[in-house]
Amino acid sequence: MTTSPALLTIGEMARASALPISALRFYDKEGVLVPHSVDPHTGYRWYTDNQLRDARLIAGMRRVGVPVREMTAVLTGPDPHSRLDAHLRNLEDGLADARAELDRIHRLIDSRPTTTGVDLDSWDVRRALDAVLFAVNEDSEFPILRGVHIDIHDGVAAFVTTDRYRLAVAEVRVRAALTVSAVVPLAFARLIRDIAGVVTLTFSTRTVTASYPGGQVSSPLIEDGEFPDHRILREHCHAAELSGDKLAALLNGTASTAVVSVDAGGDTRVDPAGIVPDEQFRVLVDRQRLREAAAAQPGRALVIRASGAALPLAVRTADHAGYFSYLMPIRAAPT
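Residues numbered from 1 in each chain as written. Predicted model: local features only at pLDDT ≥ 70, side-chain atom pairs only at ≥ 80, totals over all residues. Heavy atoms only, no water.

Let us look at the environment of T317. Topologically, T317 is positioned in strand β17 (residues 313–317). With a relative accessible area of 3%, T317 lands in the buried category. Here the alpha-carbon distance between T317 and L129, two residues 188 residues apart in the chain, equals 16 Å. Discounting residues that sit within four places of it in the chain, T317 has contacts with Q297, P298, G299, R300, A301 and L302. (Helix = DSSP H or I, 4+ residues; strand = E, 2+ residues; numbered from the N terminus. Buried < 20%, exposed > 50% of the residue type's maximum accessible area, 1.4 Å probe, protein only. Contact = heavy atoms within 4.5 Å.)

Another aspect to go through is the sheet that holds strand β6 (residues 156–162). Spatially, the eight strands line up as an open sheet ordered β8-β5-β6-β7-β18-β17-β16-β12, and their pairing is antiparallel. Of all the strands in the sheet, just β8 (180–185) and β12 (240–242) have a single pairing partner and so form its edges. On average, adjacent strands in this sheet sit at an angle of 20° to one another, irrespective of strand direction. Sheet analysis places strand β5 (residues 147–153) next to β6, joined by five bridges and oriented antiparallel. Note that in β6 the partner of H149 across the bridge is V160. Seen against the sheet, helix α6 (residues 122–132) touches β5, β6, β7 (166–173) and β18 (323–327) and runs at an angle of roughly 165° to β7. The sheet contacts of helix α7 (residues 186–193) involve β5 and β8, and relative to β8 the element is tilted by about 95°. (Pairing = 2+ DSSP bridges. Axes fitted to C-alpha atoms, helices over the stretch in contact; angles between N-to-C directions.)

Shown next, in the form of structure tokens:
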């Protein structure tokens, strides 16, 4: 004598499997879990108690995001464990990507302009801007190259400019525990350069305001583009320095360009007549751009450092460590 299987209504199946009724209807439509029978008059779905195991499996796979097609393969195909292991690997890869993206989002949040102000002495502002404004490209088609990047972090306010061929940085110590990364228009930078007394810069999401004795002025920020990270441009530990007669020869020559050669021992030559036998690298630089970078440096004891044929030259003075410029070579000098 054959015993008929016990039947469950869709509501009973939902309660026993933890699958909502809407989900059971969806999996019926997709062919993943088809009811044992459907009443032709009422449309009621009936399931057998033997289908409850598959429904609970589906509920578990649904919670971990297994695609519908893979659910069917796990329920009816060979080697279901391998398919579930493959899905786990996809989840782990996705988690790694999510962590990387969230790290990037955290960095963007940290660099977002805040509504907190920072006080700057007008003398510090003037000296810093005088050291970097030469590298602004007022005629650039890119708005961000026509502005001054103000980067505040760890108690340091850095004023940074670039025209893509050179980059100038002037750092000023501040008493403010805030992080700001914003690009202000050149006109605004020139205005705050001429302010006397303490200047308070207040940043919001889209604007910057300078408050000073007797008034204040606001300006929209430049948001079109991403300013290069000046902190990754650090002098190479094996850089060769030019000073004295060699520095004079590099800056004061009559030709528009100059060739700097560095031999394996770190000794330098400027505009050499021939190729040094044990030459390490040669670099071709634009003399006028180098002169402008050198002229903008405050202090004395100018030092120019060369690290490689394709690496930027670093320009700074010994008594202003927070002020420096980087000049990109024109191209690797011919050998």
